[in-house]
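A look at the structure
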Amino acid sequence: MPTDVVARPYPSADQAPHPAAPDAVTAAFHRFAALDDGPVKERLQEELMRAWLPMAHRLAARFRDRGESPEDLRQVAALGLLKAIRRFDPDRGPFEPFAIPTIRGEIRRHFRDRTWGVRVPRRVQELRNRVRAAYVELTLVPGSPCPTAADLARHTGLSEEEVRDGMEALESYRALSLDAAGGDGGAEAEGPRLADVLGETDHSFELVVDRESVKESVRRLPSRERAILYLRFFEDWSQSRIAERMGISQMHVSRLLSQTCARIRRETLDPR
């Protein structure tokens, strides 16, 4: 049998199988399932993709206006369609009811895994979706008060702690740039950036800890070594100036500083 007859279950792409022609669809998928991997099966797969791609694009269009480009959504839907074609068993029913959930699942997985600005566990993402849906349902009635965590917990069957986790996740879908202006004005507003008002590590605390750690060792030093240490590290005197003040050589000052620092380090790190 010629390969083009095996590869094309219908005369042309214009006559591709459609839900209105279930026999043609079933025959095409039976042929696809019976073929071994190779060029013939790949060509048949391409024919099936072209036939059902409009359906995948229609499903992708339902997820528009959610921050993703239409082209990206169509590509994700096409990937879902490809998975559906490869996994479909024609003996278990029609293709369309199998393909639609598969494509939708692939699109939702894309939103779950690729579009969050802050990565959160899947469990928390699901809590977020349930809490958001419950919030919308409880505020549909005009004049309804803003639901509390307890109200949302009763409505969803979740615990209040789970509701709070979901509510926190509502703010995690998009990360706010540190270049954004502070307050409620958003990135275009004038004013100090968020990065300008964030706290920084105060290294002075480390200095306090270090000073307290060596205090006892310094107090036990002989008066000359203590004076040299003070002049060198607190008054920022040079070694030559200290030598002139103490009436000793600069080399002697250097040796005393090294010995003193080693002694303080040893006593501080090993209190015994």
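Everything here concerns the structure above.
We now turn to the structure provided with this report.

Conventions and cut-offs
Sequence order as written defines the numbering, with residues in each chain counted from 1. In keeping with the predicted nature of the model, local features appear solely for residues at pLDDT of at least 70, side-chain atom pairs appear and are counted solely at 80 or more, and the whole-chain, interface and lining totals rest on all residues. Hydrogens and waters are ignored; side-chain quantities use all the structure's heavy atoms. Secondary structure elements follow DSSP: runs of H or I no shorter than four residues count as helices, runs of E no shorter than two count as strands, and numbering proceeds from the N terminus. Relative accessibility under 20% of the residue-type maximum defines a buried residue, over 50% an exposed one, and the middle range a partly exposed one, all with a 1.4 Å probe and only protein chains included. Between two residues, a contact is recorded if the distance between any of their heavy atoms is within 4.5 Å. Here, Shrake-Rupley sampling with a 1.4 Å probe gives the accessible areas, and only protein chains in the shown set may cover a residue. The criterion for an aromatic pair is that two Phe, Tyr or Trp rings (for Trp, the six-membered ring) have centres within 6.5 Å, with stacked assigned to planes under 30 degrees apart, edge-to-face to planes over 60 apart and tilted to the rest. Note on geometry: a ring has a charge over it if NZ (lysine) or CZ (arginine) is within 6 Å of the ring centre and within 35 degrees of the ring normal. Note on geometry: axes are C-alpha line fits, over the in-contact stretch for helices, and angles between N-to-C directions span 0 to 180 degrees. By the definition adopted for this analysis, an angle is roughly parallel if under 35 degrees, roughly antiparallel if over 145, roughly perpendicular if from 65 to 115, and oblique otherwise. For this classification, Asp, Glu, Lys and Arg are treated as charged, while Ala, Val, Leu, Ile, Met, Phe, Trp, Tyr, Cys and Pro are nonpolar and the rest, including Gly, are polar. A carboxyl oxygen of Asp or Glu within 4 Å of a side-chain nitrogen of Lys or Arg is what we treat as a salt bridge. Any residue with an atom within 4 Å of a point lines the site, the site being either a cavity, points on a 1 Å grid over the protein atoms alone where a 1.4 Å probe fits but cannot get out, or a pocket, an open set with protein on both sides within 12 Å along at least 5 of 7 lines. Grid points are joined across faces, edges and corners, and a volume is the space filled by probe spheres set on the points. Exposure above 30% relative accessible area and no salt bridge define the residues that can form patches, which grow by joining like charges within 9 Å and nonpolar side chains of Val, Leu, Ile, Met, Phe, Trp and Tyr within 5 Å. Any pair of nitrogen or oxygen atoms within 3.5 Å is treated as a polar contact; in protein, a donor-acceptor pairing is required on top of that, and neighbouring residues in sequence qualify only through side-chain atoms on both sides.

A closer look at the overall build of the protein chain
The number of helices and strands found in the protein chain is 13 helices and zero strands. Listed N to C, the secondary structure of the protein chain is α-α-α-α-α-α-α-α-α-α-α-α-α in terms of helices and strands. Within the protein chain, the proportion of its 272 residues that are buried is 29%. Here the contacts in the protein chain between residues at least 6 apart in sequence split such that 53% fall between residues at least 24 apart. Here the protein chain has roughly 18400 Å² of accessible surface; of this, 51% comes from carbon and sulfur atoms.

As for the packing of aromatic side chains
Using the criterion set out here, one finds six aromatic pairs in the structure. Geometrically, the ring pair formed by F88 and F95 is edge-to-face, given 5.1 Å between the ring centres and 75° between the ring planes. Its relative accessible area of 11% is what places F88 among the buried residues. Here the aromatic residues F29, W52, F88, F95 and F98 are joined through ring pairs into a cluster of three or more. Directly above the aromatic system of F32 lies the positively charged group of K41, at a separation of 4.8 Å from the ring centroid. Taking the ring centre of F233 as reference, the NZ or CZ of R232 above it sits at 5.9 Å.

Remarks on the packing of helix α12 (residues 239-246) against helix α13 (residues 250-269)
Axis separation between α12 and α13 bottoms out at 8 Å; the angle between their running directions is 105°. One element, α12, and the other, α13, form an angle in the roughly perpendicular class. Between α12 and α13, the residues in contact are Q239, S240, I242 and A243 and Q250, V253, S254 and L257, respectively. A breakdown of the residues in the contact of α12 with α13 according to their chemical character gives four nonpolar, four polar and no charged.

Section: the pattern of salt bridges
Enumeration according to the criterion identifies twelve salt bridges in this entry. Put simply, E47 and R50 hold a salt bridge, and the shortest N to O gap is 2.6 Å. Residue E47 and its partner R50 are both found in helix α3 (residues 39-61); the two are separated by three residues, about one turn of the helix. According to the relative accessible area criterion, R50 is partly exposed, its value standing at 44%.

Some remarks on unusual backbone geometry
Positive phi outside glycine occurs at D236, with the angle close to 60°. Along the chain, the position of D236 falls in the loop between α11 (223-233) and α12.

Looking at the layout of surface pockets
In this structure, the second largest pocket occupies an estimated 410 Å³ of space. Lining the second largest pocket are 15 residues; nearest its centre among them are D210, R211, V214, V218 and F234. Broken down by secondary-structure element, the contributors of at least two residues to the lining of the second largest pocket are α10 (204-219), α11 and α13. Split by residue class, the lining of the second largest pocket holds nine nonpolar, one polar and five charged.

Description of the environment of P90
Within the secondary structure layout, P90 lies in the loop between α4 (70-87) and α5 (96-114). Owing to a relative accessible area of 11%, P90 belongs among the buried residues under this scheme. In the structure, P90 is positioned 62 residues away from A28 in sequence and 9.1 Å away in space, judged by C-alpha atoms. For P90, the contacting residues outside a window of four places in its chain are T26, F29 and H30.

Brief notes about a nonpolar patch on the surface
Together, Y230, F233 and F234 give the surface a local cluster of nonpolar side chains, amounting to about 360 Å² of exposed area. In this fold, F234 is placed in the loop between α11 and α12. By relative accessible area, F234 is classed as exposed at 53%.

Some remarks on the side chain of T156
Looking at the secondary structure, you find T156 in helix α7 (residues 149-156). Looking at T156, its side chain comes within polar contact range of the main-chain nitrogen of L158, at 3.3 Å. With sequence-adjacent residues up to four places away left out, T156 is seen in contact with R130, A134 and V163.

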